[in-house]
Amino acid sequence: MTLKIGFIGTGGIAKNHLTNLSKIENVTVSAFCDIQLERAEQAARQWLDAKSYTSVSQMLDDQKLDGIYICIPPMAHGEAEYSVIERGIPFLVEKPLAIDRELPRQILQQIQDKNLITSVGFHWRYMDSTQKAQELMKNSKAGMALGYWMGGMPMVPWWRVQNGSGGQFVEQTTHITDLLRYLCGDVVEVYAAYGQRVMHEKVEGTDVADVGTVTMKLENGMVATVSNTCLLPVGHHVGLDLYTDQGTLEIRGGYLKEIKRQSVTEYKSATNAYHTEDLAFIHALRTGDASKILSNYADAIKTHEVTVAANESALSGKPVRLE
Ligand SMILES: NC(=O)c1ccc[n+]([C@@H]2O[C@H](COP(=O)([O-])OP(=O)(O)OC[C@H]3O[C@@H](n4cnc5c(N)ncnc54)[C@H](O)[C@@H]3O)[C@@H](O)[C@H]2O)c1
């Protein structure tokens, strides 16, 4: 049976998922919704008999869909999820879940009431290098972690506005926070310091911090610091270093270096993590077996709350305990 998929939001990351879906057998994308109609139309032209919409409800009433991709900016969440959940349709939603704490909690409640399959776009979990790191971590005891997202500013207009993206730590560095949680466990306390140094003078309308450092305590006793900047003209490193009693693990996108007393071993991902993520979601839609999905809404909300707590701490100047 061919699965019918719909998209809400048809920008940059949607294109990525669409390329992957075009390579998966017995999957068609038949409905595209975007508040910019021409974008939805452009996406629809790539698929046989696909239709475009500017209203989520109209799309969902018009077509019987097996699964939905929600690929909208952080500030735009809410209506899309509620409409999809109301109709009992499983969905994959891109990170971050929102810019605040409350909305995802309300959405999660509704997901649980309907017992819906969900997937969240924390694609670092699907990298071969992450899977290898997880295997190595089983035989070691970690003490601390240092994480980084040292880059430039993405130029989509919503990104530079705090009320649009939630800022770099919520929007981008959430990947590294999620990787930390995936490999090392839950975070119980957060203390953050942010600064605005350059980008608000360079790019009109910018009000997000362009440097930040977040110190965390983990449930297992580990400590971690994750830093980010978006003021660089050229990206530096993005990743996570884990310091354990067996040595050091350096994780970068799709690449892992294991440094031990006598040896250095390197692992490179052979597969495309986004594709693996899409395969896992499609498998779940087809079979009802969600075990290949490595991040669902209930888990992703914990990562999201760490990043929101970081924003709160940066504002108050005080540590924030996670509930
Ligand atoms: N997992 C990843 O690696 C990854 C990579 C890039 C982006 N993302 C995430 O994906 C999300 C979207 O990012 P993007 O780069 O595609 O942004 P984008 O600006 O390129 O595209 C977003 C699209 O959503 C549309 N839109 C906005 N509000 C809408 C609404 N209420 N209903 C329907 N459409 C709406 C916009 O018109 C636009 O076409 C962001 O949350 C971002 O963090 C994730």
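Residues numbered from 1 in each chain as written. Predicted model: local features only at pLDDT ≥ 70, side-chain atom pairs only at ≥ 80, totals over all residues. Heavy atoms only, no water.

S.K.: Is there a simple way to explain the packing of aromatic side chains in this structure?
M.R.: How two aromatic rings sit relative to each other is given by the distance of their centres and the angle of their planes. Going through the model one piece at a time under the given rule, you end up with five aromatic pairs. Between the aromatic rings of Tyr 69 and Phe 281, the centroid separation amounts to 5.4 Å while the plane-to-plane angle is 85 degrees, which identifies the pairing as edge-to-face. Of this pair, Tyr 69 sits in strand β4 (residues 67–70) while Phe 281 sits in helix α11 (residues 273–287), placing them 212 residues apart in sequence. Accessibility expressed as a relative area gives 0% for Tyr 69, which makes it buried. Centre to centre, the rings of Trp 124 and Trp 149 are 6.5 Å apart; their planes meet at 55 degrees, and the pair counts as tilted. (Phe/Tyr/Trp six-rings, centres within 6.5 Å; stacked < 30°, edge-to-face > 60°. Helix = DSSP H or I, 4+ residues; strand = E, 2+ residues; numbered from the N terminus. Buried < 20%, exposed > 50% of the residue type's maximum accessible area, 1.4 Å probe, protein only.)

S.K.: Please clarify how the pairing of strand β9 (residues 211–218) should be interpreted in this entry.
M.R.: Along β9, the buried face is formed by Gly 212, Val 214, Met 216 and Leu 218; none of Val 211, Thr 213, Thr 215 and Lys 217, which line the opposite face, is buried. Bridge analysis of β9 against strand β10 (residues 223–229) gives seven bridges, and the strand direction is antiparallel. Bridge assignment links Gly 212 to a residue of β10, and that residue is Asn 228. Taking the residues that link successive antiparallel strands as the turn, the β9-β10 hairpin has four residues, and the phi of Gly 221 there is positive, at about 100 degrees. (Pairing = 2+ DSSP bridges.)

S.K.: Got a minute to help me understand the layout of surface pockets in this structure?
M.R.: Over the atoms, a rolled probe matching the size of one water molecule traces out where space is still vacant. There is about 900 Å³ of room inside the largest pocket. Taken together, 37 residues make up the lining of the largest pocket; nearest its centre are Gly 11, Cys 71, Ile 72, Pro 73 and Trp 158. Counting only elements with at least two residues in the lining of the largest pocket, the list comes to α1 (12–21) and α4 (79–86). When the residues that make up the lining of the largest pocket are grouped by side-chain class, the tally is 20 nonpolar, eleven polar and six charged. Residue contributions to the lining of the largest pocket reach at least three from each of two domains, namely domain 1 (3–123 + 274–295) and domain 2 (124–271 + 304–321). Space inside the second largest pocket adds up to approximately 310 Å³. Gln 162, Gly 166, Gly 167, Tyr 194 and Asn 311 are the residues nearest the centre of the second largest pocket, which is lined by 21 residues in total. (1 Å grid on protein atoms, 1.4 Å probe; cavity = no way out; pocket = protein on both sides within 12 Å on 5 of 7 lines; lining within 4 Å. Points joined across faces, edges and corners; volume = space filled by probe spheres on them. Nonpolar A, V, L, I, M, F, W, Y, C, P; charged D, E, K, R; others polar. Domains from an automatic or database assignment.)

S.K.: I keep staring at the sheet that holds strand β11 (residues 238–244) and nothing clicks. Help me out?
M.R.: By definition, the strands of a sheet pair up through backbone hydrogen bonds, in either a parallel or an antiparallel sense. Strands sit in the order β14-β13-β12-β11-β7-β10-β9-β8-β15 across an open sheet of nine strands; the sheet is mixed. Of all strands in the sheet, those with a lone pairing partner are β14 (264–268) and β15 (320–321), marking the two edges. Of the strand pairs in this sheet, strand β8 (residues 187–195) and β15 are connected by two bridges, and their pairing is antiparallel. The residue of β15 that forms the bridge with Glu 189 is Arg 321. Running at roughly 30 degrees to β11, helix α9 (residues 174–184) makes contact with β7 (142–150), β8, β9, β10, β11 and β12 (247–252) of the sheet. (Contact = heavy atoms within 4.5 Å. Axes fitted to C-alpha atoms, helices over the stretch in contact; angles between N-to-C directions.)

S.K.: Teacher, can you tell me more about the nonpolar core here?
M.R.: One finds Phe 7, Leu 21, Phe 32 and Met 216 to be the most contacted residues of the largest nonpolar core, which totals 60 residues. The residue makeup of this core includes at least three contributed by each of domain 1 (3–123 + 274–295) and domain 2 (124–271 + 304–321). Those residues in contact with Met 216 that lie beyond four places of it in its chain are Phe 169, Thr 177, Leu 180, Val 187, Glu 189, Val 190, Met 222, Val 223, Ala 224, Val 226 and Val 306. Grouped together as the second largest cluster of nonpolar side chains are 29 residues, Val 84, Ile 85, Tyr 297 and Ala 300 included. (Core = buried A, V, L, I, M, F, W, Y, C linked by side-chain atoms within 4.5 Å.)

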